[in-house]
Amino acid sequence: MARQHRVVDHIVEHLANIGIDYIFGVDGANIEDLYDAAHFRSDITAVLAKHEFSAAAMADGYSRGGAQLGVVAATSGGGALNLVPGLGESFASRVPVLALVGQPATAMDGRGSFQDTSGRNGSLNAEALFSAVSVFCRRVVTPADIASALPAAVAAARTGGPAVLLLPKDIQQGLAATNGYELGGAAPRTGDLHPIVRALRRAHGPVTIIAGEQVARDDARRELEELRALLRARVACVPDAKDVAGTPGFGSSSALGLTGVMGHPGVAEAVAGSGLCLVVGTRLSVTARAGLDDALAATHTISIGSAPPYLPCTHVHTDNVRLSLSMLTRELAGGGRPTGLRVPDAVPRTELRPPVIDGPGVRYRDAMAVLDAALPVGADIVVDAGNTGAAAIHYLPVRRGGRFAVALGMGGMGYSFGAGIGMAFGRARRTVVIAGDGAFFMHGMEVHTAVQYRLPVTFVLFNNNAHAMCVTREQLFYDDLYSYNRFSPSNLGAGLAAMFPGLSSVDVTDLEALPAALEQAVAVDGPSVVSVECSADEIPPFAAFLNRAVPIARQQVTHHEENRTHVPASA
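Keep in mind that this is a model prediction, so the values were computed, not measured.

The rules behind these values
- Residues numbered from 1 in each chain as written.
- Predicted model: local features only at pLDDT ≥ 70, side-chain atom pairs only at ≥ 80, totals over all residues.
- Heavy atoms only, no water.
- Helix = DSSP H or I, 4+ residues; strand = E, 2+ residues; numbered from the N terminus.
- Buried < 20%, exposed > 50% of the residue type's maximum accessible area, 1.4 Å probe, protein only.
- Polar contact = N/O pair within 3.5 Å; in protein donor to acceptor, adjacent residues only side chain to side chain.
- Contact = heavy atoms within 4.5 Å.
- Pairing = 2+ DSSP bridges.
- Axes fitted to C-alpha atoms, helices over the stretch in contact; angles between N-to-C directions.
- Salt bridge = Lys/Arg side-chain N within 4 Å of Asp/Glu carboxyl O.
- Domains from an automatic or database assignment.
- Buried area = accessible area lost by both parts, 1.4 Å probe.
- Nonpolar A, V, L, I, M, F, W, Y, C, P; charged D, E, K, R; others polar.
- Phe/Tyr/Trp six-rings, centres within 6.5 Å; stacked < 30°, edge-to-face > 60°.
- Lys NZ or Arg CZ within 6 Å of the ring centre and 35° of its normal.
- UniProt positions renumbered as here; feature names shortened; annotations may be inferred.
- 1 Å grid on protein atoms, 1.4 Å probe; cavity = no way out; pocket = protein on both sides within 12 Å on 5 of 7 lines; lining within 4 Å.
- Points joined across faces, edges and corners; volume = space filled by probe spheres on them.

**A look at the side chain of R427**
Here R427 shows up in helix α17 (residues 415-427). By relative accessible area, which is 17% here, R427 ends up buried. Only 2.6 Å separates the side chain of R427 from the side chain of D380, close enough to count as a polar contact. Excluding residues that lie within four positions of it along the chain, R427 makes contacts with G65, G378, D380, G401, G402 and R403.

Below you can see the structure in the form of structure tokens.
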């Protein structure tokens, strides 16, 4: 018997038609019809996570990896509420995600039904709640409404951020009579580029570019490099856009490193010595801007992106950085090329150096050096919050052709487990998740999802038996009189090996054993775990924690091929 075309069938068909391969979520009574619809299509897969936060992180990681719009599905009540922190991260970081959230049937709205979130008669109002963590939220109240609501939600998400559709169960089951009607998304808005063109043509001295998360979101890496080459500029990246300027040593000789509290001190020096600073695709939050305020205030700064930075400057709006950077390059090429831009003689490589500690455990910098040697070209890296994350962000280079993702919008611990899985689904290559044991205890059971789907994900867990960043704060700011944040010891590698037979999972207690363990882990056909014993007493490369007297390691790297007096002479 022919199946009737329900609203959920229409949703899944539409998503498949726009190139979406996966829906991440946790099943339940008020979203099971969507899973049923996905079952009958061979071109889209519904992935079952263990927790809705991690499902939202999977959609976020899938999207950040550049595969397509990330889609997450959850049932009503507690399942829906568990989405909020994950969508909050995507909202703060402007990551395109579509959330499909089940609701009880409309006939029971306001009548005391289980998990009623209609907002009626004193019930929780899901539309008000999700509107606070999304760029678009709509409750679908008739089956016919899906024809306009779904494309509108997709278009809104693609501008940067989560879009939410609240789907009562009876509406999901209703017959879709769309009559072929589809609402196209609005054309990207691009402001007048001439203020930037004029500023660059009038600039004298070096140009420094600060590249942000919208460059990654719009996949404008190539366009950024073309503009950088034309201007012979140096590029610094905000922490959650670490991969957009390439890998130093592989043709990206002008990469300065990272901005902000986990960044490289030489960036401030480069900005201060610039004739102009061009901010591309970032608002420069405090985490990304720390240490740069004085340099930016003293330097002519202009910005282009979907939202202005948190500092006074000339700003040009664009919904599509990729298109706008191409237009800028064309405008500045040939006879319109700037003539006053100078190329620095050297690119400073600078590094934060925390104080040395004694005692057992592998040190962060040493471990990152081993990881750098072990990880293959093209591998993707997803990093969690905390001391471990700060060390990876600061010390570990991006793989050539790989992605490097970190969630700094809300900094929710445990994000990396779901996000790494989502990225592995989207990019089908070795993905390396770097997280601490505190993050693992929150959402690390998504390792089971990697095992279930045989994903090429290596989880590198830094086990210091603590919420170590909180321990550091206790030591530095509260006189080290007590600790609420140290854990009872655990052997995460052995524990996971016992839980999941066949999973390659080991504990490493010293630096000498780490290279072989990592080499084996990344060679496994499927998931693997390496748990590295480290110390909660080690201070990470996090500027807010370091005494100003701590020396900064500095290396001047000279590039004679770019040592020219101005851009036209070197082009």
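So that's the structure; there's more coming.
**Looking at the sheet that holds strand β14 (residues 380-383)**
Read across the sheet, 6 strands follow the order β15-β14-β16-β17-β19-β18 without closing on themselves; strand pairing throughout is parallel. The sheet terminates laterally at β15 (404-406) and β18 (504-508), the two strands that pair on one side only. Going across the sheet, the axis of each strand differs from the next one's by a mean of 15°, ignoring polarity. As defined by bridge partners, β18 adjoins strand β19 (residues 528-533) across 5 bridges and the pair is classed as parallel. Residue pairing for β19: S505 is matched across the bridge by V529. Set on the sheet, helix α16 (residues 387-395) makes contact with β14, β15, β16 (431-436) and β17 (457-463); between it and β16 the angle comes to about 135°.

**Quick word on the pattern of salt bridges**
If you walk through the whole model with that rule in mind, you get 22 salt bridges. Between E89 and R64 there is a salt bridge, with the nearest N and O atoms lying 2.9 Å from each other. Of this pair, E89 sits in helix α4 (residues 78-93) while R64 sits in helix α3 (residues 52-64), placing them 25 residues apart in sequence. Classification of E89 by relative accessible area gives buried; the value is 3%. For the salt bridge of D293 with R289, the shortest nitrogen-to-oxygen distance reads 2.8 Å. Judged by relative accessible area, D293 falls into the partly exposed class, the value being 41%. Residues joined in a network through salt bridges with shared partners are R6, D9, E32, D33, D36 and K169.

**What about the domain arrangement of the protein?**
The assigned domain composition of the protein is domain 1 (4-177), domain 2 (193-333) and domain 3 (364-545). The interface is formed by 14 residues belonging to domain 2 together with 18 residues belonging to domain 3. Between domain 2 and domain 3, a total of about 1500 Å² is buried, with carbon and sulfur atoms accounting for 62% of that surface. If you sort the residues of domain 2 by the area they bury against domain 3, K242, V261 and M262 come out on top, with a joint share of 41%. Linking domain 2 to domain 3 there are 0 salt bridges. Where domain 2 packs against domain 3, one counts 8 residue pairs in polar contact (both at pLDDT 80 or more). The residue inventory of the side of domain 2 that touches domain 3, partitioned by class, reads 5 nonpolar, 4 polar and 5 charged.

**Digging into the sheet that holds strand β2 (residues 45-48)**
Read from one edge to the other, the open sheet built from 6 strands follows the order β2-β1-β3-β4-β6-β5, with strand pairing classed as parallel. This sheet does not close on itself; its edge strands, each paired only once, are β2 and β5 (136-139). In this sheet, adjacent strand axes meet at a mean angle of 20° when their direction is disregarded. Note that strand β4 (residues 97-103) and strand β6 (residues 162-168) share 7 bridges and pair parallel. From the neighbouring strand, A99 faces β6, where its bridge partner is V164.

**As for the packing of aromatic side chains**
This structure, assessed with the given rule, holds 14 aromatic pairs. Measuring from ring centre to ring centre gives 5.6 Å for Y482 and Y484, while their planes differ by 70°; the resulting arrangement is edge-to-face. A network of ring pairs unites the aromatic residues Y22, F24, Y62, F425 and Y453 as a single cluster. Taking the ring centre of F404 as reference, the NZ or CZ of K242 above it sits at 4.4 Å. Across the ring face of Y310, the terminal group of R283 is positioned such that the distance to the ring centre comes to 4.1 Å.

**A word on the UniProt feature "domain: Thiamine pyrophosphate enzyme TPP-binding" (unreviewed entry) in the protein**
In the numbering used here, UniProt assigns the feature "domain: Thiamine pyrophosphate enzyme TPP-binding" (unreviewed entry) to residues 384-532. Secondary structure content for residues 384-532 is 42% helix and 17% strand, while the C-alpha to C-alpha distance between its ends is 15 Å.

**Topic: unusual backbone geometry**
Phi angles above zero are rare outside glycine, and N121 is one such case at about 55°. Within the secondary structure, N121 is located in the loop between β4 and α5 (126-131). Of note in this structure, D219 is not a glycine but carries a positive phi near 50°. Along the chain, D219 falls in the loop between α9 (213-217) and α10 (221-231). In this structure D219 comes out as partly exposed when scored by relative accessible area, which is 35%.

**Examining empty space enclosed by the protein**
Applying the stated criterion across every chain yields a total of 4 cavities of 30 Å³ or more. What the largest cavity holds in volume is close to 180 Å³. Lining the largest cavity are 17 residues, and of these R64, E213, A216, R217 and D240 sit closest to its centre. Of all the elements in the fold, those that place two or more residues in the lining of the largest cavity are α3, α9 and β15. Taken together, the residues of the lining of the largest cavity break down into 7 nonpolar, 2 polar and 8 charged. Space inside the second largest cavity adds up to approximately 60 Å³. As for the second largest cavity, its lining consists of R94, E213, Q214, R217, G281, T282, R283, G305, S306 and A307. Here the lining of the second largest cavity takes 3 residues from α9, the largest share from any one element. Split by residue class, the lining of the second largest cavity holds 1 nonpolar, 5 polar and 4 charged.

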